[in-house]
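# Chain and residue survey
So the chains spell out like this:
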Amino acid sequence: MTMATLGLNLALFLAALAFMEGFAWVMHRYVMHGWGWVWHRSHHEPRAGRFELNDLFAVVFAAPAIVAIYFGVHGVPWLLPVGLGITAYGAIYFMFHDGMVHQRFKVPLGKSRYWKQLIQAHRIHHAVHTKDGAVSFGFLLARPVRELKAKLRARGVDA
Ligand SMILES: [Zn+2]
Ligand SMILES: [Zn+2]
């Protein structure tokens, strides 16, 4: 691999990773809190067992990564860093969302301002238990906590 291809692959990897946060925001805002609420609802209610219906989204979102990696290895090389970028996003999302925020498994808590703010922002997302009226749909990027709380207060929700 030349330096140029290495650089291009790295750029594709990072672009896919960054794109996924935007994609996740749109999915969460419009699909999961839209017609996908039948699955996502389980994530806004106390969990009864080890799994929740919402976990099925992870399976669905893994599919494009698997397809990209497959074709990346079989003849379409630029799809490999894209597939790996999507996978990396999934891994970071899983550590952060399911580990740090919801503590479904033990993971060291992020101590920096960045992580603390993100954890709080996602907790604020969970202050609303209904399909409509929630705030903060991002995962690795979020609006300032104070702003989110003010938005909720304006909607009559205590956070
Ligand atoms: Zn939600
Ligand atoms: Zn959550």
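For the structure given in this document, a descriptive report is provided here.

Reference values for coordination geometry: four tetrahedral donors around a metal ideally subtend 109.5 degrees, six octahedral donors ideally subtend 90 or 180 degrees. Coordination of the zinc ion (ligand 2) by the protein is provided by H43 (NE2), H97 (NE2), H102 (NE2), H122 (NE2) and H126 (NE2), with metal-donor distances spanning 2.0 to 2.2 Å. Counting the intervening residues between successive donors of the zinc ion (ligand 2) yields the motif H-x53-H-x4-H-x19-H-x3-H. Taken together, the residues H97 in helix 4 (residues 79-101) and H122 in helix 5 (residues 113-125) connect sequence positions 25 residues apart. Exposure remark for H97: the relative accessible area of 2% places this residue in the buried category. Given a relative accessible area of 2%, H122 falls into the buried group.

Counted by the stated rule, this structure contains twelve aromatic pairs. When the ring of W25 is compared with that of Y30, the centres are 6.1 Å apart and the planes differ by 70 degrees; the resulting orientation is edge-to-face. You can call W25 partly exposed: its relative accessible area is 36%. Arranged with centres 5.2 Å apart and planes meeting at 90 degrees, the rings of Y70 and F71 form a pair that is edge-to-face. Classification of Y70 as partly exposed rests on a relative accessible area of 46%. Exposure remark for F71: the relative accessible area of 40% places this residue in the partly exposed category. In this structure an aromatic cluster arises from ring pairing among F19, F23, W39, F57 and F61. The ring of Y30 is capped by R29, whose NZ or CZ atom sits 4.8 Å from the centre of that ring.

Once that is clear, we can look at the coordination of the zinc ion (ligand 1). Surrounding the zinc ion (ligand 1) are the protein donor atoms H28 (NE2), H33 (NE2), H40 (NE2), H44 (NE2) and H125 (NE2), at 2.1 to 2.2 Å. Written as a sequence motif, the donor residues of the zinc ion (ligand 1) are H-x4-H-x6-H-x3-H-x80-H. Of this pair, H44 sits in the loop between helix 2 (37-40) and helix 3 (56-73) while H125 is found in helix 5, placing the two residues 81 residues apart along the sequence. Note on accessibility: H44 and H125 belong to one class, buried.

Further remarks concern the nonpolar core. Formed by 16 residues in total, the largest nonpolar core has its most connected members in I86, Y89, F96, M100, I119, F139 and L140. Contributing elements (two or more residues each) for this core: helix 1 (3-32), helix 4 and helix 5. Top element by residues in this core is helix 4. It accounts for seven residues. A121, I124, A134 and L148 belong to the second largest nonpolar core, which has nine residues in total.

Rules of the game
In this numbering scheme, every chain counts its residues from 1 along its sequence in written order. Following the order in which they are written, the chains are lettered starting with A and the ligands numbered starting with 1. With pLDDT at 70 or above as the cut-off, local features in this predicted model cover only qualifying residues; side-chain atom pairs require 80 or more to be listed or tallied, and sums for whole chains, interfaces and linings still use all residues. Side-chain descriptors were evaluated using all non-hydrogen atoms of the structure, hydrogens and water having been removed beforehand. Sites may look incomplete because water is not among the atoms; the donors themselves are N, O and S atoms within 2.8 Å of the metal, or within 3.2 Å for Na, K and Ca. What counts as a helix is a DSSP run of H or I of at least four residues, what counts as a strand is a run of E of at least two, and both are numbered from the N terminus. Partly exposed describes any residue whose relative accessible area lies between the buried limit of under 20% and the exposed limit of over 50%, with all areas from a 1.4 Å probe on protein chains only and scaled to the type maximum. Any two of the Phe, Tyr and Trp rings considered here, Trp counted by its six-membered ring, make a pair once their centres fall within 6.5 Å; the pair's planes then place it as stacked at under 30 degrees, edge-to-face at over 60, or tilted in between. Criterion for a charge above a ring: Lys NZ or Arg CZ within 6 Å of the ring centre, and within 35 degrees of the ring normal. Definition of nonpolar core: a set of buried residues of the types Ala, Val, Leu, Ile, Met, Phe, Trp, Tyr and Cys, connected through side-chain atoms within 4.5 Å.

Functional significance is not addressed by these values, which are geometric in nature.
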